[in-house]
Structure formats: structure tokens, C-alpha cells
Amino acid sequence: MSEEAQPTTVSEAPRAAAGIFRGLSGKLLLLTIVFVMLAEVLIFVPSVANMRIRWLQDRLNTVAAAAVVVDGLQNVELPRNVQDDTLMATGTKAIVIRRKDASRMIAAADMPAEIDGEYDTANFTAFAAIRDAFDTLLFGGNRVVRVYGPLGESDAVIELVMADASLHKAMLVYSRNVFFLSIIISLITATLIFLAINRMLIVPIRRMTTSMQEFSNDPSNPARVLVPPEGRDELAVAGQHLASMQRELQRTLKQQKSLAELGLAVSKINHDMRNILSSAQLISDRLAAVDDPVVKRFAPTLLRAIDRAVGYTREVLSYGRTTEAEPHRRFVALKPLVSDVAELLSIDPQSGIEFQIQVQDDLEVDADSEQLFRVVHNICRNAVQALTNHEAEDGRPRMVSVSAMRMGSVVTISVDDTGPGMPPKARENLFAAFRGSARSGGTGLGLAIARELVLAHGGTIALVEKPTPGTLFRIELPDRPVPLDAFRSKARH
């Protein structure tokens, strides 16, 4: 075979993803880290505000402990060096105790000319706490602020003035610790989630993907079919469906291969059969000229049978095409056509099989005569073969009956027999080639061809249930729609 004639059916295989974060597992790990970090950020916002409030309250409590002692010494002012030591120990610039009736300066030194902010540790909103925390964290360190809060359980208020450098430093240390702790938590959480999901999802998906790739490389190899996992979850069900589809595809490919081999074999046989039938035509033509009553009786039937056989050899590969040839429809007398079917079947009189034709002489059907002959012949032949291999029970007649009737523009043809009926397996694959045969060794092509020919006429064919044993097929063939102009012209004449 030349390169031009070779089919290009092999598709490019999917390329494996390069890099850890291009694969599904890597993306899952990265997303887990990002989401955990996002959660930590959402947690960090209120926590840093809470940390700042607690730090200020601790500073107030520390200063209050020293201020209460000094406040107990009435009308005594602390020496300058003691005040400086107290302010240095508490990290403040001024300490004041305020009551309803009076206020007392406990210690003060280097009071700034302007205060950059005031914070009440007892009364604040969540939004204000978060806002002040980020203001200190981002812009603090060189500002002086006033902080006040209740002095223990009393109605007094402790107030202090301080630089926010210590607070700013403490908040930076806290933020750094939270950041590194968040990284560690994110990595641990992401690793645990990754390992769990990798085992539950990624490994089964990778297994199915590998199976699909290997199956596409060698679909006819039964070993390439996925062994489905047990279970009822979504991935287990997907694996079971994938294995089922692979097995079904293998059966289809095997059937297609059989069809291809059959087509090649039939084409070879067809080549020689046409030559043999041509010779048979010449001999039958000579037999028709013989002056013998018996020969004259059977010669027309023989000639028609050979002519049909020659026609079949020209279209013997039509089933291998996408569709049958377009029917050449005309109004055909149905009864002579069914009589030709009965003659071609050549039922042995010793078999006890009776062939009945219940068709009116004037009944015509709008159809391709040769294709309709094939439909009726295929169904009747199946019926005769079923009766031949079936022994009659209880004295029931062994009979094949063909009846027809017209209702408006539709002709209904029924082929009924008194045989054993259609087995369940054949019913499941009734019109499927190579699977719808009712007898051992059959191909099931007869019904498949009959259905395709009937559908080409716009009709229907169906197996009809009946109360008595046997098989009944019903064919409905509608007339071709008549154009309105043609109908009016016909009506005028």
C-alpha cells in the first residue's frame, strides 16, 4: 500500500503535564496553601486588634499598680528622681489619676506639645479597634498617644501619656510570629489534605487516565480494559462505566472487523458468482425454448430467480454502505409479488408447511418492487426455517400467512407463522446485525436489511405480540406525499 493510500487514524496522544504545579495534584497543593493563608489573614485582622487592646490594658494595669501606691500618700509629691524612675519603668511620659472631684498627677516629664492620638481601652467598637491597630502597625513608632481606662473596680480613671514605639515593636513581633505560624500551619494542612485527596481522587483519576491512554493505543487487547474499583462513590461508578464502555467498544471493534473481513470475502465471491450466474442465464434462456410442459412451467420462475440473483450480485455490498440505495417507488401489485416469494421459497410439500396468501388482487403498494420483495422474502424465509426446525404440538397447523390491507394512504402487511416464536435473546437485539438471529448459526442480517429497506420507504416494521404461539411481523408503508398541483391536475382529469 502506498503512503497516499494509508489511512491516518492515529491521533496525537495527550502530552503529560510538565512541572509539579501543572498537574492536578500540584494545583491542589498550591490552592490549599493559598486558601489556608487567606483564612489566616482573616483570622489575623481581629487578632492583631485584640493583641493591641490587651497590650494597652496590661500597660495600664502595670502603671495603675504603681500609681495606687503613690496615690495613697496624700499631699506628697514624689521627688524628681523617683518620678523619672517610675516613668522609665512603666515606659510612660505622664501618669494621671482622675476622679469625679479631682485629678492627681502622679508623675510627668518631657510632656510633648501635641498628642497624636487618644485611646479608651474600656469603650471601643470592633471596627475602631481594627482601624487603630492597622494605623499603629503601618504608621506608628514615632508618635505620642494618650491611653486611659478604669482603675480597678473603682470609679477612678488611670490615664497615661506614652510613646507608641514599644507598642509598634510588639505588634511587629506579633505579626511576624503569626505569619511564620501561618506558613507552618498552611504547609501541614496542605500536606495532610494533599495526601488524603491524592489517595482518594488523584490516584484513581490517574489510574483511569492511564487506562484510557493504554486502551487507545491497543483497543483490541482485552488486558487494556480497566479493572473497575469496588465501591459506590462517584469515582468508583465512573471507573465501572469506563470499563463497561471499553468492553462495549471492544465488542463493536470486533464486530466491525468481522464486517470488514466479511465484505472482503463477499466481494471476492461476488466476482466469481456473477460469472457463474451469467452462464446460468444463458442456459435458462435456452431452457425456455424447450418444448416441454414441465420446463415451460418452471422456466419463468427459474428465470426470475436468476435475474434477481444477478441483481443482488450488483448490490451485494450495499449493506456495507451507509444506507441502502434510494428506492425507485411505483405502485406495485402486492399479490403477484408475494406469490413470487412463495415460489422462490420452494417449500417442500412433504414438510407439511402451508403458505397462505391473504391479499386482495387489486391491492397496490407504493414501493420499490425489488426492495419490497427482499423485505417479504427475508421475513417469510425466517418463518419457514423456524417451522422446519420445529415439531408441531397438539396437532396445530404449520403455516406461514401473508396478509395485507390498505387504510387510507397506508398499506399494512402482516407476516404471521405458527412456529415456536422469537427467543428472548433475539428479541433484545431484534434488528441488530449478527446479534438478532433466532436460530443457531444465523447472522441476523435478514431482519436488519428488512428494517433498513422499510425505513427507506418512510415506513415501520415491528414484532407484534399475539396470544397464540408463533411470530407476527407487521410492516406499514405509507404512500409518497403527492404535490398539491399534481393532485389537482389528477382530480380534474
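Because the structure is a prediction, the values reported are computed rather than measured. (Residues numbered from 1 in each chain as written. Predicted model: local features only at pLDDT ≥ 70, side-chain atom pairs only at ≥ 80, totals over all residues. Heavy atoms only, no water.)

## Notes on the overall build of the chain
Next, step 1: The helix and strand inventory of the chain stands at eleven helices and twelve strands.
Next, step 2: Relative to its full complement of 493 residues, the chain shows a buried share of 35%.
Next, step 3: Put simply, of all contacts in the chain between residues at least 6 apart along the chain, 67% involve residues at least 24 apart.
Next, step 4: For the chain, the exposed area adds up to about 30,900 Å²; of that, 58% sits on carbon and sulfur atoms. (Helix = DSSP H or I, 4+ residues; strand = E, 2+ residues; numbered from the N terminus. Buried < 20%, exposed > 50% of the residue type's maximum accessible area, 1.4 Å probe, protein only. Contact = heavy atoms within 4.5 Å. Areas by Shrake-Rupley, 256 points an atom, 1.4 Å probe, with all protein chains shown as cover.)

## Description of the packing of helix H8 (residues 369-388) against helix H10 (residues 445-456)
Next, step 1: Interaxial distance between H8 and H10 falls to 9 Å at its minimum, and their mutual angle equals 150°. By the angle between their axes, H8 is roughly antiparallel relative to H10. Both H8 and H10 take part in a crossing whose hand is left-handed. Counted together, Gln371, Arg374, Val375, Asn378, Ile379, Arg381 and Asn382 of H8 and Gly446, Leu447, Ile449, Ala450, Leu453 and Val454 of H10 form the full contact between these two elements. (Axes fitted to C-alpha atoms, helices over the stretch in contact; angles between N-to-C directions. Parallel < 35°, antiparallel > 145°, perpendicular 65-115°, else oblique. Left-handed = near helix turned anticlockwise from the far one by under 90°.)

## A look at the confidence of the model for the chain
Next, step 1: Taken as a whole, the chain shows an average pLDDT of 78; of its residues, 75% reach a score of 70 or greater.
Next, step 2: Every residue in residues 1-18 is under pLDDT 50, and counting partners more than four places away or in other chains gives five contacts. (pLDDT = per-residue confidence, 0-100.)

## What to know about the packing of aromatic side chains
Next, step 1: Tallied over the entire structure, the rule returns two aromatic pairs.
Next, step 2: For the pair Phe44 and Phe134, a centre-to-centre distance of 6.4 Å together with 85° between the ring planes defines the contact as edge-to-face. Linking Phe44 in helix H1 (residues 24-71) with Phe134 in helix H3 (residues 126-139), this pair joins segments that are 90 residues apart in sequence.
Next, step 3: The class of Phe134 is partly exposed, set by a relative accessible area of 26%.
Next, step 4: The residue whose ring lies beneath Arg52 is Tyr119, and the NZ or CZ to ring-centre distance is 4.3 Å. (Phe/Tyr/Trp six-rings, centres within 6.5 Å; stacked < 30°, edge-to-face > 60°. Lys NZ or Arg CZ within 6 Å of the ring centre and 35° of its normal.)

## Side note on the environment of Ser403
Next, step 1: With respect to the secondary-structure elements, Ser403 resides in strand E9 (residues 398-407).
Next, step 2: Judged by relative accessible area, Ser403 falls into the partly exposed class, the value being 22%.
Next, step 3: Once the C-alpha coordinates of Ser403 and Leu334 are considered, the two residues, 69 residues apart in sequence, prove to be 9.9 Å apart.
Next, step 4: Beyond its immediate sequence surroundings of up to four residues, Ser403 is in contact with Gln358, Val359, Thr412, Ile413 and Ser414.

## Some words on the sheet that holds strand E2 (residues 103-108)
Next, step 1: Read from one edge to the other, the open sheet built from five strands follows the order E2-E1-E5-E4-E3, with strand pairing classed as mixed. The sheet is open, and its two borders are formed by E2 and strand E3 (117-120), each paired with just one other strand. Averaged over all adjacent pairs, the angle separating strand axes in this sheet is 15°, with direction ignored.
Next, step 2: Pairing between strand E1 (residues 94-98) and strand E5 (residues 157-163): five bridges, direction antiparallel. Note on E5: the bridge partner recorded for Arg98 is Val157. (Pairing = 2+ DSSP bridges.)

## A few points about H10
Next, step 1: Taking 1.5 Å of rise per residue, twelve residues should cover 16 Å, and H10 covers 16 Å from first to last C-alpha, within 8% of that figure.
Next, step 2: Burial of H10 is extensive: nine of the twelve residues sit out of reach of the surface.
Next, step 3: Residues of H10 that are buried include every one of Leu445, Gly446, Leu447, Ala448, Ile449, Ala450, Glu452, Leu453 and Val454, and no others.
Next, step 4: In the stretch just after H10, Gly458 is the one whose phi turns positive, near 75°. (Expected span 1.5 Å × (residues − 1).)

## Notes on the pattern of salt bridges
Next, step 1: Counting across every chain of the model gives 13 salt bridges.
Next, step 2: Here Arg224 makes a salt bridge to Glu214, at a shortest N to O gap of 3.8 Å. Here the residue Arg224 occupies a position in the loop between helix H4 (165-217) and helix H5 (234-288), and Glu214 occupies one in helix H4, the gap between them amounting to ten residues.
Next, step 3: On the accessibility criterion, Glu214 (35% relative accessible area) is partly exposed.
Next, step 4: One salt bridge connects Lys466 with Asp416, and the closest N-O pair in it is separated by 2.4 Å. Here Lys466, found in the loop between strand E11 (460-464) and strand E12 (472-478), pairs with Asp416, found in strand E10 (residues 410-417); they are 50 residues apart in sequence, far enough to count as distant.
Next, step 5: Taken together, the shared-partner salt bridges connect Arg98, Glu118, Arg146 and Glu159 into one network. (Salt bridge = Lys/Arg side-chain N within 4 Å of Asp/Glu carboxyl O.)

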